[in-house]
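# Fold and contact review
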Amino acid sequence: RFIAKPCAINLGIQDSGPHRAQPNAILEKVFTAITKSPDGRRLEGLSKQLDWDMRKIQRWFRHRRNQDKPSTLRKFCESMWRFTFYFSIFLYGIRFLWTAPWFWDTRQCWYNYPFQPLTSRLYYYYILELAFYWSLMFSQFTDIKRKDFLIMFVHHLATIGLITFSYMNNMVRVGTLVLCLHDASDFLLEAAKLANYAKYQRLCDAFFMLFGVVFIVTRLGIYPFWILNTTLFESWELIGPYPSWWLFNGLLVTLQVLHIIWSYLIVRTAYKALVRGKVSKDDRSDVESSSEEEDVTCSSTKGALSTSSNGSNRINGHMAAGQWTEE
């Protein structure tokens, strides 16, 4: 409110929402009680009932769906808040862990376990991360529903479960490694979104490519060969198969499966960027976007607009190539 909004206004981002649909009681009743994306038969029936062209009815439903979406200014502020947190907590974690012995030797995570002191810096690091992921869990139900809603829900559950479980069992040393590793790439994605909302396309593409490299290196390289190696094998060797070993590692492996899925989506988006010359639409865009393909493709407009899968290029002033970060 006091920092992100003035920054957005200075960058030329207007506090204006999408075009609102004209009031119509019949269409509003269909929208709220029956369907938000009517099929061809229902469109034909509404066309006869209202004496409207089917194209006009399609446009009304598209405008009605889009008017509930947040403005670009609001999305910029939310991304700036997340960028601030991810970047700050990552710097805090790196500064803290740089002098920690288990950062350089993961076997130190299990020496003298469970009689390991919980310092104040460890405590605040854990509490801040846990509070933030709880906020993400709750806000997911009020944000725009996306194609990866279920994946993100499982991810937040696994993350909260791991943070809570490791804290209760005093496994905070290995827990800090997991947290810091995940924060390494998240702030880069939010930076790319900020650049996209501000219409700095080249900067957006650069941040996204950097994010993709860091994500794949940390989640598919360092995480399995550094984190999973110590939790699966080194812990077994040093302290034995403790009762909760299976649950703890099961949650960690679940995260790895999600990492593989997201890495595939990132690589696919990067491939499209190389083919088209710049970053394309986000493969995890909101579910709403898929319902508007028929509206765009059925029009006589060709070229860039025909490759778009939603109407945000007209609403937010972005061309289709910049839609991968649309929220």
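With an unreviewed UniProt entry as reference, the protein is termed CERS5 synthase, source organism Ramphastos sulfuratus. Under the Catalytic activity (unreviewed entry) heading, UniProt states for the protein: "sphinganine + octadecanoyl-CoA = N-(octadecanoyl)-sphinganine + CoA + H(+)".

## Notes on the overall build of the protein
Regarding its fold elements, the protein presents 13 helices and zero strands. When the helices and strands of the protein are listed from N to C terminus, the series reads α-α-α-α-α-α-α-α-α-α-α-α-α. Counting over 327 residues, the protein shows a buried share of 50%. Across the protein, contacts joining residues at least 24 apart in sequence account for 75% of those joining residues at least 6 apart. Accessible surface, the protein: about 16700 Å² in total, of which carbon and sulfur atoms supply 63%.

## Things to note about the confidence of the model for the protein
With 80% of its residues at a pLDDT of at least 70, the protein reaches an overall mean of 79. Low pLDDT (under 50) marks residues 283-327, which in the prediction has 119 contacts with non-local residues, meaning those over four places away or in another chain.

## Quick look at the packing of aromatic side chains
Under the definition given, this model contains 27 aromatic pairs. Between F132 and Y133, the ring centres sit 6.0 Å apart and the planes meet at 75°, which makes this aromatic pair edge-to-face. By relative accessible area, F132 is classed as buried at 4%. The class for Y133 is buried, based on a relative accessible area of 4%. A centroid spacing of 5.6 Å and a plane angle of 25° characterise the contact between W134 and F138, whose relative ring orientation is stacked. Pair noted here: W134 and F138 are both in helix α7 (residues 120-139), with a separation of four residues, about one helical turn.

## Structural notes on the nonpolar core
Residues L97, W102, Y223 and F248 are the most contacted members of the largest nonpolar core, which totals 54 residues. Going through the elements one at a time, α5 (72-97), α6 (101-104), α7, α8 (149-168), α9 (172-197), α10 (201-239) and α11 (245-276) are the ones with two or more residues in this core. No other element matches the 12 residues that α9 contributes to this core. Excluding anything up to four places from it in sequence, L97 contacts W102, F103, W104, T176, L177 and C180. Judged by nonpolar contacts, the second largest core, of 10 residues, contains L27, L46, W52 and I57.

## What about unusual backbone geometry?
A cis amide bond links Y113 to the next residue, P114, at an omega of 5°. Residue position: P114 is located in the loop between α6 and α7. Backbone geometry at D51 places phi at a positive 60°, although glycine is not the residue there. Residue placement: D51 occurs in the loop between α3 (40-50) and α4 (54-66). If you check the backbone angles, N112 has positive phi at about 60° while not being a glycine. Position of N112 among the secondary structure elements: in the loop between α6 and α7. Take N112: its relative accessible area is 55%, and that puts it in the exposed class.

## Concerning the side chain of Q140
Along the polypeptide, Q140 turns up in the loop between α7 and α8. By relative accessible area, Q140 is classed as buried at 11%. Here Q140 is in contact with F149, M152, F153 and H156, once residues within four sequence places are set aside.

## Some words on the UniProt feature "transmembrane region" (unreviewed entry) in the protein
In this structure's numbering, the residues bearing the UniProt feature "transmembrane region" (unreviewed entry) are residues 83-103, 123-142, 207-226 and 246-267. Note that residues 83-103 is 86% helix and 0% strand, and that its end C-alpha atoms are spaced 24 Å apart. The distance from the first to the last C-alpha atom of residues 123-142 is 30 Å, and the span holds 85% helix and 0% strand.

## Re the packing of α10 against α11
Interaxial distance between α10 and α11 falls to 10 Å at its minimum, and their mutual angle equals 160°. Classified by the angle between their axes, α10 and α11 sit roughly antiparallel to one another. The hand of the α10/α11 crossing is left-handed.

The rules behind each value
- Residues numbered from 1 in each chain as written.
- Predicted model: local features only at pLDDT ≥ 70, side-chain atom pairs only at ≥ 80, totals over all residues.
- Heavy atoms only, no water.
- UniProt positions renumbered as here; feature names shortened; annotations may be inferred.
- Helix = DSSP H or I, 4+ residues; strand = E, 2+ residues; numbered from the N terminus.
- Buried < 20%, exposed > 50% of the residue type's maximum accessible area, 1.4 Å probe, protein only.
- Contact = heavy atoms within 4.5 Å.
- Areas by Shrake-Rupley, 256 points an atom, 1.4 Å probe, with all protein chains shown as cover.
- pLDDT = per-residue confidence, 0-100.
- Phe/Tyr/Trp six-rings, centres within 6.5 Å; stacked < 30°, edge-to-face > 60°.
- Core = buried A, V, L, I, M, F, W, Y, C linked by side-chain atoms within 4.5 Å.
- Axes fitted to C-alpha atoms, helices over the stretch in contact; angles between N-to-C directions.
- Parallel < 35°, antiparallel > 145°, perpendicular 65-115°, else oblique.
- Left-handed = near helix turned anticlockwise from the far one by under 90°.

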